[in-house]
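Below are the chains, spelled out letter by letter.
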Amino acid sequence: MNNELEIRTLAEKFFDGTTTLAEEERLYELFGRAESLPADLESLREMMLDMAALSKISETTAQLQPCPTDDRERSDETEKTALHPASSNLRGASSWTWVSLAASLLLLFTLGSLWYGHERQNECVAYVYGERITDEVLVMQEMQTAMASIADDEATSTMEQQMKDFFSE
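Note that this is a predicted model, so its numbers are computed, not measured. Position numbers for residues count from 1 along each chain, tracking the sequence in the order it is written. Only residues with pLDDT of at least 70 get local features here, since the model is predicted, and only at 80 or more are side-chain atom pairs given and counted; chain-wide, interface and lining totals rely on the full set of residues. Excluded from the side-chain calculation are hydrogens and water; included are all heavy atoms of the structure.

Draft legend 1. Fine view of the environment of Glu 136. One can find Glu 136 in helix 7 (residues 136–151). A C-alpha to C-alpha distance of 9.1 Å links Glu 136 and Ala 126, two positions 10 residues apart in sequence. Numbering of helices and strands starts at the N terminus; helices are DSSP runs of H or I of at least 4 residues and strands are runs of E of at least 2.

Now the structure itself:
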């Protein structure tokens, strides 16, 4: 019960955006260790466990970032920065910045493609006597005329015969 109160308090702070990293880690830990929770907290369990996994991944990638340990590397980096101060911002930017930029561009491209495809998908087109017609009213009239000519045939005729009759005209 004490854990439930602590979870509720930390969850409230989490959703208010006022938790520290240590409090967030404690919240993830509590959700991971809790055997049973009330329904309202149980619905948050999967999200908190996912957040814990993401936190561990980001810690791992932060540890994998190369750090200059050799004095010679530091002096080379300092020298390059001194010669080209504008380029130091590019070198200081993490690879995540570039990855997030690429992901944003990919997202915009995808959304644009979906929007363009959706707009083109709603186009009404018919080819009548070799001429392309996009006016919805005319297309619907031609379709109704074609359907009426098929429906006027005898009830005993087959679909194959109807198609032959329709395309022979």
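What follows continues from the structure just given.
Draft legend 2. Up close: the nonpolar core. In this structure, Ile 7, Leu 27, Phe 31, Leu 37, Leu 41 and Met 48 are the most contacted members of the largest nonpolar core, which totals 14 residues. Of all the elements in the fold, those that place two or more residues in this core are helix 1 (2–16), helix 2 (21–33) and helix 3 (39–64). We define the nonpolar core as a collection of buried residues of types Ala, Val, Leu, Ile, Met, Phe, Trp, Tyr and Cys that are connected through side-chain atoms lying within 4.5 Å of one another. Only protein chains enter the accessibility calculation, which uses a 1.4 Å probe; a residue whose area is less than 20% of its type maximum is buried, one above 50% is exposed, and one in between is partly exposed.

Draft legend 3. Highlighting the packing of helix 1 against helix 2. Axis definition: a line fitted to C-alpha atoms, over the contacting stretch in the case of helices. Angles run 0 to 180 degrees between N-to-C directions. For the pair helix 1 and helix 2, the least separation of the axes is 10 Å and the interaxial angle reads 135°. When the axes of helix 1 and helix 2 are compared, the pair comes out oblique. Handedness of the helix 1/helix 2 crossing: left-handed. Taken together, the residues of helix 2 that come into contact with helix 1 (itself represented by Asn 3, Glu 6, Ile 7, Leu 10, Ala 11, Lys 13 and Phe 14) are Glu 23, Glu 24, Arg 26, Leu 27, Tyr 28, Leu 30 and Phe 31. For this classification, Asp, Glu, Lys and Arg are treated as charged, while Ala, Val, Leu, Ile, Met, Phe, Trp, Tyr, Cys and Pro are nonpolar and the rest, including Gly, are polar. Classifying every residue of the contact of helix 1 with helix 2 gives eight nonpolar, one polar and five charged. Roughly parallel means an angle under 35 degrees; roughly antiparallel means over 145; roughly perpendicular covers 65 to 115; every other angle is labelled oblique. The crossing is said to be left-handed when, going from far helix to near helix, the turn is anticlockwise and less than a right angle, and right-handed when the turn is clockwise. By definition, residues are in contact when any of their heavy atoms lie within 4.5 Å.

Draft legend 4. Spotlight on the environment of Phe 15. Following the sequence through the fold, Phe 15 ends up in helix 1. Those residues in contact with Phe 15, other than ones at most four positions away along the chain, are Leu 44, Met 47 and Met 48.

Draft legend 5. Broad picture of a nonpolar patch on the surface. On the surface, a nonpolar cluster with roughly 440 Å² of combined accessible area is contributed by Trp 98, Leu 101, Leu 105 and Leu 108. Here Leu 101 lies in helix 6 (residues 95–121). Accessibility expressed as a relative area gives 41% for Leu 101, which makes it partly exposed. The patches described consist of residues with a relative accessible area above 30% and no salt bridge, like charges being joined within 9 Å and nonpolar side chains (Val, Leu, Ile, Met, Phe, Trp, Tyr) within 5 Å. Values of accessible area rely on a 1.4 Å probe in the Shrake-Rupley scheme; residue burial ignores everything except the protein chains shown. The salt bridge definition used is simple: a Lys or Arg side-chain nitrogen within 4 Å of an Asp or Glu carboxyl oxygen.

Draft legend 6. Spotlight on the pattern of salt bridges. Considering all chains together, one arrives at seven salt bridges under this definition. Here Arg 8 and Glu 4 are joined by a salt bridge, their closest N and O atoms 3.3 Å apart. In this pair, Arg 8 and Glu 4 both sit in helix 1, four residues apart, roughly one turn of the helix. Classification of Arg 8 by relative accessible area gives partly exposed; the value is 31%.

Draft legend 7. Layout of the packing of aromatic side chains. Geometry of aromatic contacts follows a simple scheme: Phe, Tyr and Trp rings, the Trp one being its six-membered ring, pair when their centres are within 6.5 Å, and the pair is stacked under 30 degrees between planes, edge-to-face over 60, tilted otherwise. The full count for this structure, using the stated rule, is two aromatic pairs. A ring pair is formed by Phe 14 and Phe 15, whose centres lie 5.3 Å apart and whose planes are at 85°; its orientation type is edge-to-face. Residue Phe 15 is classed as partly exposed on the basis of its relative accessible area, which comes to 48%. An angle of 75° between the planes, with centres 6.5 Å apart, marks the rings of Phe 14 and Tyr 28 as edge-to-face. Highlighted residues: Phe 14 in helix 1 and Tyr 28 in helix 2, separated in sequence by 14 residues.

Draft legend 8. Broad picture of helix 2. Along its 13 residues, helix 2 runs 18 Å from first to last C-alpha, staying within 8% of the 18 Å computed at 1.5 Å per residue. Here helix 2 has its buried residues at Glu 24, Leu 27, Tyr 28, Leu 30 and Phe 31. All buried residues of helix 2 lie within an arc of 160° about the axis, which places them on one face of the element. Within helix 2, the exposed residues directed more than 90 degrees away from the buried face are Leu 21, Ala 22 and Arg 33. What a helix should span is 1.5 Å times the count of its residues minus one. The arc in question is formed by the directions pointing from the helix axis toward the C-beta atoms.

Draft legend 9. Here's a closer look at the side chain of Glu 24. Along the chain, the position of Glu 24 falls in helix 2. Buried charge Glu 24 goes without a salt bridge, the closest partner of opposite sign being Lys 13 at 9.9 Å. Ignoring any residue separated from it by four or fewer positions in sequence, one finds Glu 24 in contact with Phe 14 and Thr 19. Residues counted as positive are Lys and Arg, residues counted as negative are Asp and Glu, and His and the chain ends are not counted.

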